[in-house]
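Structural description and commentary
So you can see what is in the structure, the chains are spelled out below.
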Amino acid sequence: MAKMMGPRFKQCRRLGLNVCGHPKAMKRAAKGSARNDKKLSDYGTQLLEKQRLRAYYGVMEKQFANYFEKASKSKELTGFALIKLLECRLDNLVYRLGFANSIRQARQMVVHGHILVNGKKVDIPSFNVSVGDEIKLREKSQKNPMFKENFESSILNVLPYISKNEADFSGTLLRYPERNEVPIEINEVLVVEYYSKN
């Protein structure tokens, strides 16, 4: 299974955006180190925005292109449909619920079988979570101090489209998110323009 590896902070500095969510990611960012510090063509700007969105969710190129194709067949605006598909990935929702402190850690938790969806073990990070699905930390994993601390320390960081239940280490996707509720700094129109030229 292919996955995005490589130094996260270096990637954030290159993209000129804190895509990994770590508070220290942009600490060493210097002027001239990011791609957008240089004058970019329209294509270069669109490509950069596509790379940023891909990095936010830790998705490989081919898989990302598949998501775009699926989104382009939606009745909604393609850019928003794409973000909605990415936002409802299991690894992303494990991260949003606060079980993990990064998308990479969330992915690893899913692959190692720590997560249950509606009471059943799911170990596929790209699993598409539907509205009403309950995501829960496996009972044995609830004793893990790192997972417990992650979840409890993020209990107040709740997005309006998900609910968290501190008592039983679970959360539910209440509804699909609105675009302004998704906590990413992306101009998805540029991503759509990038694919429309290819």
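Conventions used here
Residues numbered from 1 in each chain as written. Predicted model: local features only at pLDDT ≥ 70, side-chain atom pairs only at ≥ 80, totals over all residues. Heavy atoms only, no water. Buried < 20%, exposed > 50% of the residue type's maximum accessible area, 1.4 Å probe, protein only. Helix = DSSP H or I, 4+ residues; strand = E, 2+ residues; numbered from the N terminus. Pairing = 2+ DSSP bridges. Expected span 1.5 Å × (residues − 1). Salt bridge = Lys/Arg side-chain N within 4 Å of Asp/Glu carboxyl O. Contact = heavy atoms within 4.5 Å. Axes fitted to C-alpha atoms, helices over the stretch in contact; angles between N-to-C directions. Parallel < 35°, antiparallel > 145°, perpendicular 65-115°, else oblique. Nonpolar A, V, L, I, M, F, W, Y, C, P; charged D, E, K, R; others polar. Core = buried A, V, L, I, M, F, W, Y, C linked by side-chain atoms within 4.5 Å.

**Let's talk about the pairing of strand E4 (residues 162-165)**
- Burial along E4 is one-sided: the face carrying Ile 162 and Lys 164 is buried and the face carrying Ser 163 and Asn 165 is not.
- As defined by bridge partners, E4 adjoins strand E5 (residues 170-173) across four bridges and the pair is classed as antiparallel. Looking across to E5, one finds that Lys 164 is bridged to Gly 171.

**Let's talk about unusual backbone geometry**
- A positive phi angle, close to 50 degrees, is found at Asn 118, a residue other than glycine.
- Its location among the elements puts Asn 118 in the loop between strand E1 (115-117) and strand E2 (120-121).
- On the accessibility criterion, Asn 118 (43% relative accessible area) is partly exposed.
- Positive phi outside glycine occurs at Phe 169, with the angle close to 50 degrees.
- Among the structural elements, Phe 169 can be located in the loop between E4 and E5.
- What makes Phe 169 buried here is its relative accessible area of 8%.

**Description of the sheet that holds E2**
- Read from one edge to the other, the open sheet built from five strands follows the order E2-E1-E3-E5-E4, with strand pairing classed as antiparallel. Because the sheet does not close on itself, it has two edges, and the strands there are E2 and E4.
- Pairing of strand E3 (residues 134-137) with E5, which is carried by three bridges, proceeds in the antiparallel orientation. Paired with Glu 134 across the bridge in E5 is Thr 172.

**Observations concerning helix H2 (residues 42-57)**
- When the terminal C-alpha atoms of H2 are compared, their 24 Å separation across 16 residues agrees well with the 22 Å that a helix rising 1.5 Å per residue should span.
- Listed as buried for H2 are Gly 44, Gln 46, Leu 48, Glu 49, Lys 50, Arg 52, Leu 53, Arg 54, Ala 55, Tyr 56 and Tyr 57.
- Positioned one or two residues after H2, Gly 58 has a phi angle of 65 degrees, which is positive.

**Considering the pattern of salt bridges**
- Evaluated as defined, the whole model comprises ten salt bridges.
- The shortest N-O distance in the salt bridge between Asp 91 and Arg 89 comes to 2.9 Å. Per residue, the accessibility class of Asp 91 equals that of Arg 89, and both read buried.
- Through salt bridges that share partners, Lys 50, Arg 54 and Glu 61 make up one connected network.

**Description of the pairing of E3**
- Along E3, the buried face is formed by Ile 135 and Leu 137; none of Glu 134 and Lys 136, which line the opposite face, is buried.
- Strand direction decides the pairing type here: E1 and E3, joined by three bridges, are antiparallel. Its bridge partner being in E3, Leu 116 is matched across the sheet by Lys 136.

**So, the environment of Gly 171**
- Within the element layout of this structure, Gly 171 appears in strand E5.
- Each C-alpha atom of the pair Gly 171 and Leu 97 lies 6.6 Å from the other, and the pair is 74 residues apart in sequence.
- Setting aside residues up to four positions removed in sequence, Gly 171 forms contacts with Leu 97, Asp 133, Glu 134, Ile 135, Ser 163 and Lys 164.

**Focus on the packing of helix H3 (residues 61-72) against helix H8 (residues 188-197)**
- One can describe the packing of H3 onto H8 by two numbers: an axis separation of 12 Å at closest approach and a directional angle of 100 degrees. Regarding the angle of H3 to H8, the classification is roughly perpendicular. Of the residues in H8, those in contact with Glu 61, Phe 64, Ala 65 and Phe 68 of H3 are Val 191, Val 192 and Tyr 195.
- By residue class, the composition of the contact of H3 with H8 is six nonpolar, no polar and one charged.

**Quick word on the nonpolar core**
- Counting residues in each nonpolar core, the largest one holds 42 residues, and the members touching the most others are Leu 53 and Phe 99.
- A total of five residues in this core trace back to one element, the largest contributor, which is helix H4 (residues 78-87).

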